[in-house]
There are 4 protein chains.
Amino acid sequence: MTIRVAIAGARGKMGSEAVKTVYKRDGLELVAALDYKHVGESLSELEIFPPNLDVPIYTNLTQLISETTPDVLIDLTNPDSVYEHTKEAMLHNVRTVVGTTGFTDDQLEELRSLAKTNKVGCIIAPNFAIGAVLMMKFAKEAAKYLPHVEIIELHHDRKLDAPSGTGKKTAQMIAEVREARRQGHEFETETMPGARGADFEGMRIHSVRLPGLVAHQEVLFGGEGQMLTIRHDSYNRESFMGGVVYCVETVMTLEELVYGLENIL
Amino acid sequence: MTIRVAIAGARGKMGSEAVKTVYKRDGLELVAALDYKHVGESLSELEIFPPNLDVPIYTNLTQLISETTPDVLIDLTNPDSVYEHTKEAMLHNVRTVVGTTGFTDDQLEELRSLAKTNKVGCIIAPNFAIGAVLMMKFAKEAAKYLPHVEIIELHHDRKLDAPSGTGKKTAQMIAEVREARRQGHEFETETMPGARGADFEGMRIHSVRLPGLVAHQEVLFGGEGQMLTIRHDSYNRESFMGGVVYCVETVMTLEELVYGLENIL
Amino acid sequence: MTIRVAIAGARGKMGSEAVKTVYKRDGLELVAALDYKHVGESLSELEIFPPNLDVPIYTNLTQLISETTPDVLIDLTNPDSVYEHTKEAMLHNVRTVVGTTGFTDDQLEELRSLAKTNKVGCIIAPNFAIGAVLMMKFAKEAAKYLPHVEIIELHHDRKLDAPSGTGKKTAQMIAEVREARRQGHEFETETMPGARGADFEGMRIHSVRLPGLVAHQEVLFGGEGQMLTIRHDSYNRESFMGGVVYCVETVMTLEELVYGLENIL
Amino acid sequence: MTIRVAIAGARGKMGSEAVKTVYKRDGLELVAALDYKHVGESLSELEIFPPNLDVPIYTNLTQLISETTPDVLIDLTNPDSVYEHTKEAMLHNVRTVVGTTGFTDDQLEELRSLAKTNKVGCIIAPNFAIGAVLMMKFAKEAAKYLPHVEIIELHHDRKLDAPSGTGKKTAQMIAEVREARRQGHEFETETMPGARGADFEGMRIHSVRLPGLVAHQEVLFGGEGQMLTIRHDSYNRESFMGGVVYCVETVMTLEELVYGLENIL
């Protein structure tokens, strides 16, 4: 069976990668694009796509659904429009794979209940990189047995915030299973401020910023006589595409809303 | 509640560490040692233990059990005697934590059925290092999503065999969930033989041997645009003791035989 | 002072990066391109370059030199033409930075003697990645004190040969200062062939090939109670550009031929 | 030729390792120990040494020198006595290898001038781990070409101060060749204080403290499209002994004072 796929946000960085990935992938068929511009055109007419990409562009989701009958809508647009798209798709029994965050709690609750009522799958994935999600999932698991944890996240030096979103998310996930506890020596002192990193319930987070780096993270667990290290290296945007495909295939088997790739791995 | 513990093999490398660990640990009480020598003496009379370690040594397990009523027998002896110890202990409803391997399939089956009948827990753990067991468990999980795998194991240069037991075990565990597949370029050539390492169903295993190293292993998973790495470093024998304690505590809650720490983590 | 630069091979992968790098770089001016096609045109007329890149293309090097008076010729073409270019440039007292290999010993000798006679600098650099060259240089230095060495090189799985050129080069450079010696246990055995990697005078070389990887190498040195590791990660072609600029600036101060970036770092 | 060696501080942690190392080493002969206790006894009478270690103990260095004629005095005592020992040894033309720090500038100057006048070698080495010293030396060299640097040092969680002495020393050595410069994004912000680590002239230093760890450090250099990493792992005190032997052998060829192993590697 071929899964019919529509993509919202096809002209964005993630979206244009997704277009190419879905187009090439056996078992998936790209049937439409949703956009607020270029309506009535085909993706093949846009410069960023190859000329053989003959996929119609719609601005009205209801029309898109009725004319191209997609099984799944991949939504890679921004938080402003994604809630409306997702709701409308599910009302029409179209499954959704959503890569943006920024839903309010009320919106999430509504979508969750709509998914259940209509028995239509929906996956909301703040992070599509399977390797990164596995890293976080394993880190949460390991912390149950090895509760002394430090996180080192390493990114290019054009990144504005420290620690990274993934670094914080990892610490939060670990904190769900690890009681807050002070780490390091009781009388430890920093002779240079900041040396011991940021403190999240006793876990330490260190942010490295260097040119050349892309997006990397290590989670270190120490125990008597041993160390366990879980590391993820993301070299480019392709790292997300395996996760997108996995979600499209998995959402076909779901009858509810799942938040976070870690819950279906 | 304090768990009463007896140890077989107390004079060995692992055993003497276990003696010290159990002795110091809150919630555990070391009540007896099983040995074929030094019967009637106390551990405190042996040079390798501190003089305050007043723990009686028995050579007859039935007598040991009736006089010291242990809850758990930790057996760190060799394969020759461990089967008899384990069976006898379970017949007396004493739980067992076994650190040696080398059971025959028949013996295992018998112990497994005895555990079930008597509803007495038994844990057989070829590897007590929690970090190493987590590494293998996570590697098996990751391979489902990222099936391109290479293993690098690194040990001191007095090690005789390559690859290491843990290296092979990891590959075997991964092979349970990963179909055999060729890795690397279809027309790949080794201009120097051995460069691409050992081949286990397409996975590659590389063995590094250097002075200074202790026992280390990395499992590398590659996917488009990303890498996931799981690494364990074992620096000394203390790394096993956390696992021994964990098993003693866990076996109290079991009514069956469990083979491999990975099945209770 | 601005250094006037001409580039041969501007349309190639390395060459087009070099064009952009030189064009943007303060202190360098791109005055001409040498090509066997597009003569009389400007780089700005080729699709791969931005329209403001108004740099004339020549096919005759003598004419290029007389009309645009470059200080340095960067040659990123193939071995067939590079010898002639280099010789002719030096005869006209134009310094050269050459990124290809494949010179015969006789050609190298002739160029070396020409450079000395004319007191004109020439740098031939098989590898422009400063980090990779430093890794090799440091590895050679470290092996004097820590002669137990293993090399792990990791590349994408579309690479045909194992070990990599850099892996072999590193081993060769180390072998210049390290007497051949067997490593590992005297009675070491491979229970799976290839586990211990390729053998280069006793050093072991391991080649990892996984999707997602780019070009990486670790050199591990073991000593009693310690390890020294030198690692280089190359994420993309930009890693070469710092080395190209460094060579252009350095060749201005040379009056001889230097082979290998390691000799001017 | 056999080098005759005396050791001050033989009963300390480093000293007792040095005694065993010198005793076993071909080409070295342990002729005396200097101590303020146990005078007139032999090392073999102390419990911490094997009974065959028949080496006389002196408390008077002049007497030790005249009776046992050592070529080299290894001094592993504390700062209080080491200055007097070193001076007296050199006045008697005995070479010295000193493992403690804490000399005043005046003392150093006096010893330096004494070494030159008497043409007697003296090596003062705050760190005997050859791998660690090579790491620092290479880091200083690399920073000339790749000035974006971050240091991650990792130690056991009983360590009191952060960053480590080696971490600071590495940063200081790099600062000798690298102009102070801000690293990271101009508008970078820490959403959790300390995430970006300690700041040393723009270089960032991160201190990890976990049980299980021993003493480890990574120096990371970032450049466009690449990373260079230099790492040292110290697993136990044996890592210092190679450096002690190297110093004893090297000091025989010196006619001056050298401060820091990095200056003779």
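Worth saying up front: this structure is predicted, and the values here are computed from it rather than measured.

## Topic: the overall build of chain A
Consideration 1: When helices and strands are counted, chain A shows seven helices and 14 strands.
Consideration 2: Seen through its principal axes, chain A has C-alpha atoms that stretch 70 × 40 × 30 Å.
Consideration 3: Out of the 265 residues belonging to chain A, those deemed buried represent 59%.
Consideration 4: Counted over contacts in chain A with a minimum sequence separation of 6, partners at least 24 positions apart contribute 70%.
Consideration 5: In the structure as shown, chain A presents an accessible area of about 10,700 Å², 47% of it carried by carbon and sulfur atoms.

## Thoughts on the relation of the copies chain D and chain A
Comparison of the two chain copies shows a relationship of rotation about an axis with a shift along it.
Consideration 1: For these two chains of identical sequence, chain D goes onto chain A by a turn of 180 degrees and a shift of 0.0 Å along the axis, with RMSD 0.1 Å. In symmetry terms, the pair is related by a two-fold rotation axis. Across chain D, the smallest distance between a C-alpha and the rotation axis is recorded for Gly194(D), namely 2.0 Å.
Consideration 2: Here 100% of the interface residues in chain D have copies in chain A that are interface residues too; the copies meet face to matching face.

## Some details on the domain arrangement of chain A
All names here are of chain A.
Consideration 1: Partitioning chain A into domains gives domain 1 (3-124 + 238-263) and domain 2 (130-234).
Consideration 2: Distance from the C-alpha centre of domain 1 to the C-alpha centre of domain 2: 33 Å.
Consideration 3: In this assembly, six residues from domain 1 lie in contact with six residues from domain 2.
Consideration 4: Buried area between domain 1 and domain 2, both sides added, is near 510 Å², and the carbon and sulfur share of it is 63%.
Consideration 5: Along the contact surface separating domain 1 from domain 2 lie one salt bridge.
Consideration 6: With a closest N to O distance of 3.4 Å, Lys169 and Glu262 form a salt bridge.
Consideration 7: The interface formed by domain 1 and domain 2 holds three residue pairs in polar contact (both at pLDDT 80 or more) in total.
Consideration 8: Across the side of domain 1 that touches domain 2, the residue classes break down as two nonpolar, three polar and one charged.

## Focus: the UniProt feature "domain: Dihydrodipicolinate reductase N-terminal" (unreviewed entry) in chain A
Consideration 1: Mapped onto the present numbering, the UniProt feature "domain: Dihydrodipicolinate reductase N-terminal" (unreviewed entry) falls at residues 3-128 of chain A.
Consideration 2: Taken end to end, residues 3-128 of chain A is 37% helix and 21% strand, and its two terminal C-alpha atoms sit 19 Å from one another.

## As for the interface of chain D and chain A
Consideration 1: Each partner contributes residues to the interface: chain D has 47 residues there, and chain A has 47 residues.
Consideration 2: In total, chain D and chain A occlude about 3,500 Å² of area from one another, counting both sides; carbon and sulfur atoms represent 65% of this.
Consideration 3: Of all residues in chain D, Leu160(D), Met192(D) and Leu210(D) give up the largest surface area on contact with chain A, accounting jointly for 17% of the area buried on that side.
Consideration 4: If you look at where chain D meets chain A, you find zero salt bridges.
Consideration 5: Taken together, chain D and chain A are joined by 20 residue pairs in polar contact (both at pLDDT 80 or more).
Consideration 6: At the level of elements, strand E7 (148-155), strand E8 (161-162), strand E9 (189-190), strand E10 (198-200), strand E11 (203-209), strand E12 (215-223) and strand E13 (226-234) of chain D are the ones that each hand at least two residues to the side of chain D that touches chain A.
Consideration 7: Residue classes in the side of chain D that touches chain A are distributed as 20 nonpolar, 15 polar and 12 charged.
Consideration 8: Sheet topology places strand E9 (residues 189-190) of chain A next to E8(D); two bridges connect them, and they run parallel. Opposite Glu190(A), over in E8(D), you have Ala162(D) as the bridge partner.

## Some details on the interface of chain C and chain B
Consideration 1: Counting residues at the interface gives 47 residues for chain C and 47 residues for chain B.
Consideration 2: Both faces considered, chain C and chain B share a buried interface measuring about 3,500 Å² in area, 65% of it formed by carbon and sulfur atoms.
Consideration 3: Contact with chain B buries surface across chain C, with Leu160(C), Met192(C) and Leu210(C) losing the most and accounting together for 17% of the total.
Consideration 4: For the interface between chain C and chain B, the tally reads zero salt bridges.
Consideration 5: Counting across the interface, chain C meets chain B through 20 residue pairs in polar contact (both at pLDDT 80 or more).

## As for the sheet that holds strand E1 (residues 3-8) of chain D
Residues and elements named next belong to chain D.
Consideration 1: Pairing within the open sheet is parallel, and its seven strands lie in the order E3-E2-E1-E4-E5-E6-E14. At either margin of the open sheet sits one strand with a lone partner, and together these are strand E3 (57-58) and strand E14 (257-259).
Consideration 2: Where strand E4 (residues 72-75) and strand E5 (residues 95-98) come together, four bridges link them in parallel fashion. Within the sheet, the bridge partner assigned to Asp75 lies in E5 and is Val98.
Consideration 3: Running at roughly 150 degrees to strand E2 (residues 28-34), helix H2 (residues 61-68) makes contact with E1, E2, E3 and E4 of the sheet.
Consideration 4: This element, helix H3 (residues 79-91), spans E1, E2, E4, E5 and strand E6 (122-124) of the sheet and lies at about 160 degrees to E5.

## Let's talk about the side chain of Gln183(A)
Consideration 1: Within the secondary structure layout, Gln183(A) lies in the loop between helix H6 (165-175) and E9.
Consideration 2: Looking at Gln183(A), the relative accessible area reads 1%, which means it is buried.
Consideration 3: A polar side-chain atom of Gln183(A) sits 2.7 Å from the main-chain amide nitrogen of Val149(A).
Consideration 4: Here Arg178(A) takes part through its side chain, which lies 3.0 Å from a polar atom of the side chain of Gln183(A).
Consideration 5: Excluding its chain neighbours within four sequence positions, the residues that come into contact with Gln183(A) are Pro147(A), His148(A), Val149(A), Glu150(A), Arg178(A), Glu188(A), Arg196(A), Gly202(A), Met203(A), Arg204(A) and Leu210(D).

## Examining the sheet that holds strand E1 (residues 3-8) of chain B
Residue and element names in this part refer to chain B.
Consideration 1: Taken together, the seven strands give an open sheet; going across it, the order is E3-E2-E1-E4-E5-E6-E14, and neighbouring strands pair in parallel fashion. Both outer strands of the open sheet, strand E3 (57-58) and strand E14 (257-259), are each paired with one neighbouring strand and no more.
Consideration 2: Relative to strand E2 (residues 28-34), E1 runs parallel, the two sharing six bridges. In the strand pairing of E2, Ala6 is matched with Ala32.
Consideration 3: Strands in contact with helix H4 (residues 105-118) are strand E6 (122-124) and E14; relative to E14, the strand with the most contacts, it is inclined by about 140 degrees.

## Let's talk about the packing of helix H2 (residues 61-68) of chain B against helix H3 (residues 79-91) of chain B
Residue and element names in this part refer to chain B.
Consideration 1: At a minimum axis separation of 10 Å, H2 and H3 run at an interaxial angle of 35 degrees. Judged by the sense of rotation from one axis to the other, the crossing of H2 with H3 is right-handed. Contacts from Leu61, Thr62 and Ile65 in H2 reach His85, Glu88 and Ala89 in H3.
Consideration 2: Here the residues of the contact of H2 with H3 are counted per class, giving three nonpolar, two polar and one charged.

## Regarding the UniProt feature "binding site: (S)-2,3,4,5-tetrahydrodipicolinate" (unreviewed entry) in chain A
Residues and elements named next belong to chain A.
Consideration 1: In the numbering adopted here, UniProt assigns the feature "binding site: (S)-2,3,4,5-tetrahydrodipicolinate" (unreviewed entry) to His156, Gly165 and Thr166.
Consideration 2: Residue position: His156 is located in the loop between strand E7 (148-155) and strand E8 (161-162).
Consideration 3: For His156, a relative accessible area of 22% translates into the label partly exposed.
Consideration 4: Sequence-distant contacts of His156, defined by excluding residues within four places in its chain, comprise Arg209, Leu210, Leu213 and Val214.
Consideration 5: Relative to the assigned elements, Gly165 resides in helix H6.

## Overview of the environment of Thr170(D)
Residues and elements named next belong to chain D.
Consideration 1: Mapped onto the secondary structure, Thr170 falls in helix H6 (residues 165-175).
Consideration 2: Taking the relative accessible area as the measure of exposure, Thr170 reaches 0% and is therefore buried.
Consideration 3: In this structure, Thr170 is in contact with Met136, Ala139, Ile151, Gln217 and Val219, ignoring residues within four places of it in sequence.

Calculation rules
Residues numbered from 1 in each chain as written. Chains lettered and ligands numbered in written order. Predicted model: local features only at pLDDT ≥ 70, side-chain atom pairs only at ≥ 80, totals over all residues. Heavy atoms only, no water. Helix = DSSP H or I, 4+ residues; strand = E, 2+ residues; numbered from the N terminus. Buried < 20%, exposed > 50% of the residue type's maximum accessible area, 1.4 Å probe, protein only. Contact = heavy atoms within 4.5 Å. Areas by Shrake-Rupley, 256 points an atom, 1.4 Å probe, with all protein chains shown as cover. Least-squares fit on C-alpha atoms with pLDDT ≥ 70 in both. Domains from an automatic or database assignment. Buried area = accessible area lost by both parts, 1.4 Å probe. Salt bridge = Lys/Arg side-chain N within 4 Å of Asp/Glu carboxyl O. Polar contact = N/O pair within 3.5 Å; in protein donor to acceptor, adjacent residues only side chain to side chain. Nonpolar A, V, L, I, M, F, W, Y, C, P; charged D, E, K, R; others polar. UniProt positions renumbered as here; feature names shortened; annotations may be inferred. Pairing = 2+ DSSP bridges. Axes fitted to C-alpha atoms, helices over the stretch in contact; angles between N-to-C directions. Left-handed = near helix turned anticlockwise from the far one by under 90°.

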